[in-house]
Amino acid sequence: MRKEYIEKQKREHGRKVIGTLPVHYPKELFTAARALVVEIWGPPGTPRGPDAGRVQTYVCPVVRNALAFLAAGGADVVDAMLFPHTCDSIQGLASLAPDLGGWDKPTLRFIHPKGERRQSSARFLRAELQQLLTEITKITGFTPSASDLDDAIILHREIDAKRRHLLEHRRHLPFSDLELYALLRRGEMLWPAEHLEELRAAEAKMTEQPAHSEVPVMITGYVPEPQEIFSTLGEVGAMVVADDYAAVGRRVPRHDVAVSASGLDALVEQTFLQPPCPTRGANESLRIEYLDRLFKQSGAAGLIIHTVKFCEPELFDVPAIRKHFSARNVPVLSLETELEPKLSGQATTRLEAFIEMVKSNARAA
Amino acid sequence: MITRRLQYELAGRAVGPLLLTIERWQKKLKRRQPRREGPFGPPLESTQKLKELMSLHYLQGRYADGAVPVAWITSGFPVEMLRPFGFHVVYPENHGALCGARRMIPEFAEVAEKEGYSHDLCSYARGDIGSVLSGKTPVGRLPKPDMLGCCTNICQTVLYWYRSLAKYFDVPLVLIDTPYVYGESQPHHIDYVRDQLDELTVTASKITGKPANSETLHETLQLAREAAELWAACLATGKNRPSPWTGFDGFIHMAPVVAMRGTEECNAYYRMLLDELNDRIARGIGGIRNERYRLLWDNLPIWYKIRELSSTFAEAGCNFVCTTYTNVWADPAKDLDPAAPVASMARAYSNILLNRDLNNRMRIFREMVRDYQIDGVVLHSDRSCKPYSVGQIDLKRLITEELGVRTLLIEADHADPRAFSEEQVETRLQAFIEGFT
Amino acid sequence: MKAVAIGIDAGSTTCKGVAINSNAEIIASLVQPVEPLIEVQAQRCIAELRQRCGAGNNVPVAATGYGRKRVGADRAITEITCHARGAFHHTGKAGVLIDVGGQDTKVIHVGSRGEVVDFAMNDKCAAGTGRFLEVIVQRLGVSLEDVAKRVEGTDRIVKVSSTCTVFAESEVVSLLAQGEPLDGILRGLHTALANRIGALAGRLKPDVDLIMSGGVALNSAMVKALGTTLGRTPRVVPQPQLVGALGAALLVSFVSEVPSPSSTPVPM
């Protein structure tokens, strides 16, 4: 389906298409330069093809799967590939695939500064954005004007605001978790204006009274895979009311972005206003404060920490998050998956037992 | 404060040396056991001095907090920036290697794992966090830091690890974020590192209450560059047949260039070591008795198996005459320029092996295999070190195809023996060795 | 007395069943090795339990364990909740339950009402589960019955550092080749497993009531090894293999003094 969509975009709109690995990259630059971006989160499943064994099994499945996928020609429909500097393993992949085989079309890289905002990092980010824009325009053959860039920035702000609105009013949306995530994750491949249309259509269905009475939980993690998590939660009468998946909620600013600057300067400022993410080297305490606020605002009754095996940035934060919420008598579940197509029996049991626990906890309170 | 300072100075200048002298006498007094005929050449005499140097460093460290400012930093951190401010520096990685060699990592790691740190995380990080949480260390006591410094040129893991430490100790963490180098490093990347080094000066000055001192920085850089050159010269002695030492000796003897870079003691040590190595070359003394095959080791050592592994190889006449890892502290540091300290550091610290792409790794293999006349390459696929290990499977293939030398990939972990499969590794090693004969 | 509820624990290695009376006493029980067709086996077990205590079809059945959804019971409840409830029946107070089964190890913090306050489970691999011991002990040709006797009869602990079952197996082979005594190695394996479970349990409060269940609790040497790691020896609940099935029966019966988790939504 993705492939057909991409081909149609190329055929009907003459757009160049650039694939990207997770997580953070400046979408606005691509939109301004008239490139469609398609995200590759793995893809889920066991790595396939002859290149599946080129990365050790103790490396995160996103990287293992991505190499196998690229090398098998899975992304041949795109014109270039972007590798954001997310973690050590994706950084390695950014050399492995183009240099030693697997990807021979143009390669873009985006290094975002780590840690909190510093004068040095703001300055660097601006230069890095400028360079990335130059690289993109080489591929698309279109150099955006200053107003093209500002238009793209405004468009993406609107998209982010809609995504935030849907996430914050989760209970008033007559959708299942599966449906909502499918909608939000279509943003990983749709032309932004089309995605905005879909978000608007969903927003129009928002109800006056809450449409849900399931047990509310918050979830934090990397990517919502396997999606069976949501059907399992649904079966035992639970739903996600607050989301901090790196792929979803963690890329949506939780407050209005009041940035007066324009162009690249605006993008620099916006970057530092994003929710805290360990792949940007965010301070652990800031992340916990953020999660705590999200948890309270959403009225969640339990927290699921969903990690991908071997994902260092996420795994380092787990002890502190767990400690913080456990100390406040919030039921916490650690769930580890490996991008497998289906949840393991054990993982299903964990999820179900957790919801049983949250219910009994809520009843006692 | 004054008494604390006195203790610190005494530990470093008087008590420590005295204790070590006594220990040396005691050793001499003990009747020498006739050495067993082993596969190794006579031991390096410098090793005793190395032990003293490192013991002294840790002994003095016990009294450092309260006496002088203390910084805990990563192995790739530009320590030269800190020396002029009088910091006592602690290297958790060096400490981790020590704990690894003494097989104490599982005990410490279990403490961290109980706190919720996944056993899939780097064993240095788990070991160090566990050591801090439990207060246990084989070196008696580590001084509490006033500042933490981490540089991402070796991995991004250190950022997460040091953030945890910063929270625990409640002290500032200075990050030197070094953009990964694909091909050649770009001007705006170097500018970024240079800007951060300037910011580091401001922070260090605030913490220590001392102004920046460009004269001392100049001297430190001179010393550091000399250290790198001396270390490079020591490593290069391995090009001789037989090599006067083994690559595993190199893992042990790299401690000063990692932990004491920028000090005169460090350089004095390497002058002595270089003299001894050259002397051995002149006298035809090898690191192992019967050097028949020359090997190269890639990635960190397996600290808890160093002795067993080197014996197994040495008995078969195989010597690791060079390693990619020990080279890290020799190669880019040669570019340090005392005349332009900050700018040259920004470049040198960005261009560390682990911060560069796989083409560069392959270039290094090519050069080393040629310069050291290598017969075989052993790649340690290190569960705990993703940046070093991603790509090794392809590198192994390329080395065999392009350089025509035999290769072996073994899976282990640099510090955690719980992820080590004795039988499996042993069988592979034996098969690899048998292939030579 | 008449049966009021039946609990079936369809686990990964064994299928357990109990029938309880209105005093919450077990009046019939069974333990069988698990068969591939769990739905068939479970129905047979239910029929057997009904027959043994003359229970009619109106006596409710709850199922737990990996096969819980395939049993065709009136309710399916996870083994976490059931184990907590079953253990609480024996202790009557809050505590920490360590359940070491064939495929899973669970550390469950049980609240003062028998509810689950928190829990942790081993990750996917067999390290830290009963399978770890079983595989290696079988490889060494020692019967599971003899293990405890051998371990308790030796003072030597030969350190086994690998926690991965496959790695540990090869490590044990090389230890034997080096002439290390078998009993000392067995003891070392117990210590390794206990350390792994200890890591899962995390830091425990000193005054917490520590209890143990699951098939591995029948191995007294393992209980002692855990005691050494945790600083205090857990009490083994009576009939440790039946705790899950008992909990299931209690949760579906009316004798349960604890509000049972149901699928009714919680008011928000």
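Residues numbered from 1 in each chain as written. Chains lettered and ligands numbered in written order. Predicted model: local features only at pLDDT ≥ 70, side-chain atom pairs only at ≥ 80, totals over all residues. Heavy atoms only, no water.

For the peptide bond that leads from A:E225 to A:P226, omega is -5 degrees, which places it in the cis range. Among the secondary structure elements, A:P226 is positioned in the loop between β5 (215-221) and α9 (228-235). Of the consecutive residues B:R241 and B:P242, the connecting peptide bond is found in the cis state with omega at -10 degrees. Residue position: B:P242 is located in the loop between α8 (214-236) and α9 (247-253). We note that A:R34 has phi near 65 degrees; this positive angle belongs to a residue other than glycine. (Helix = DSSP H or I, 4+ residues; strand = E, 2+ residues; numbered from the N terminus.)

What follows covers the packing of aromatic side chains. Following the criterion strictly, the structure yields 27 aromatic pairs over all chains and no others. Pairing A:F124 with B:Y192 gives two aromatic rings, centres 4.2 Å apart and planes at 5 degrees, and the pair type is stacked. In this pair, A:F124 sits in helix α5 (residues 119-140) while B:Y192 sits in helix α7 (residues 187-208), so the two residues belong to two different chains. One exposure class covers both A:F124 and B:Y192, and it is buried. On the numbers, 6.3 Å between centres and 50 degrees between planes, the contact of B:Y325 with B:Y388 is tilted. Of this pair, B:Y325 sits in the loop between β6 (318-323) and α13 (341-350) while B:Y388 sits in helix α15 (residues 386-389), and the two are 63 residues apart along the sequence. Residue B:Y325 is classed as buried on the basis of its relative accessible area, which comes to 7%. An aromatic cluster is present here, built from B:F248, B:F251, B:W297, B:W303, B:F313, B:F320, B:Y325, B:W329 and B:Y388 joined pairwise through their rings. (Phe/Tyr/Trp six-rings, centres within 6.5 Å; stacked < 30°, edge-to-face > 60°. Buried < 20%, exposed > 50% of the residue type's maximum accessible area, 1.4 Å probe, protein only.)

The next subject is the interface of chain A and chain B. In this assembly, 54 residues from chain A lie in contact with 51 residues from chain B. Taking both sides of the interface into account, the surface hidden between chain A and chain B amounts to around 4,400 Å²; carbon and sulfur atoms contribute 56%. For the chain A face of the interface with chain B, the top three residues by lost area are A:Y58, A:L100 and A:F316, together amounting to 18%. Between the two partners, chain A and chain B, sit five salt bridges. When the shortest N-O distance is used, the salt bridge between A:E284 and B:K167 registers 3.5 Å. Counting the contacts that link chain A with chain B gives 28 residue pairs in polar contact (both at pLDDT 80 or more). Those elements that provide at least two residues to the side of chain A that touches chain B are α4 (88-100), α5, α11 (284-298) and α12 (312-327) of chain A. Per-element tally for the side of chain A that touches chain B: the top contributor is α4(A), with ten residues. (Contact = heavy atoms within 4.5 Å. Buried area = accessible area lost by both parts, 1.4 Å probe. Salt bridge = Lys/Arg side-chain N within 4 Å of Asp/Glu carboxyl O. Polar contact = N/O pair within 3.5 Å; in protein donor to acceptor, adjacent residues only side chain to side chain.)

Before going further, it helps to spend a moment on the interface of chain B and chain C. Each partner contributes to the interface: chain B provides 13 residues, whereas chain C provides 14 residues. Three residues, B:K114, B:R418 and B:E423, lead the burial of chain B against chain C; their summed loss comes to 42% of the area buried on that side. Inspection of the chain B/chain C interface yields one residue pair in polar contact (both at pLDDT 80 or more). Only α4 (105-115) and α17 (422-434) of chain B provide two or more residues apiece to the side of chain B that touches chain C. Of all the elements, α4(B) adds the most residues to the side of chain B that touches chain C, at four residues. In terms of residue class, the side of chain B that touches chain C is built from three nonpolar, three polar and seven charged. (Nonpolar A, V, L, I, M, F, W, Y, C, P; charged D, E, K, R; others polar.)

What follows concerns α17(B). Helical geometry: 3.6 residues make up each α-helical turn, so side chains three or four residues apart lie on a common side. With 13 residues, α17(B) ought to run about 18 Å at 1.5 Å a step, and its terminal C-alpha atoms sit 18 Å apart, in line with that. Buried within α17(B) we find B:E422, B:V425, B:L429, B:F432 and B:I433. Take α17(B) and look down its axis: the buried residues cluster within an arc of 110 degrees, on one side only. In this structure, the buried side of α17(B) is in contact with β5 (293-298), α12 (306-315), β6, β7 (376-382) and β8 (406-412) of chain B together with α5 (165-177) of chain C. (Expected span 1.5 Å × (residues − 1). Arc of directions from axis to C-beta.)

All names here are of chain A. Buried residues dominate strand β1 (residues 16-20), accounting for four of its five residues. Here β1 runs beside strand β2 (residues 35-39); their pairing, made up of five bridges, is parallel. Within β2, the residue paired with T20 across the bridge is E39. Between β1 and its parallel partner β2, the chain crosses via helix α2 (residues 27-32), and the hand of that crossover is right-handed. Here three bridges tie β1 to strand β3 (residues 80-84), and the two strands are oriented parallel to one another. For G19, the partnering residue across the bridge sits in β3 and is M81. (Pairing = 2+ DSSP bridges. Right-handed = clockwise from strand over helix to strand, strands pointing away.)

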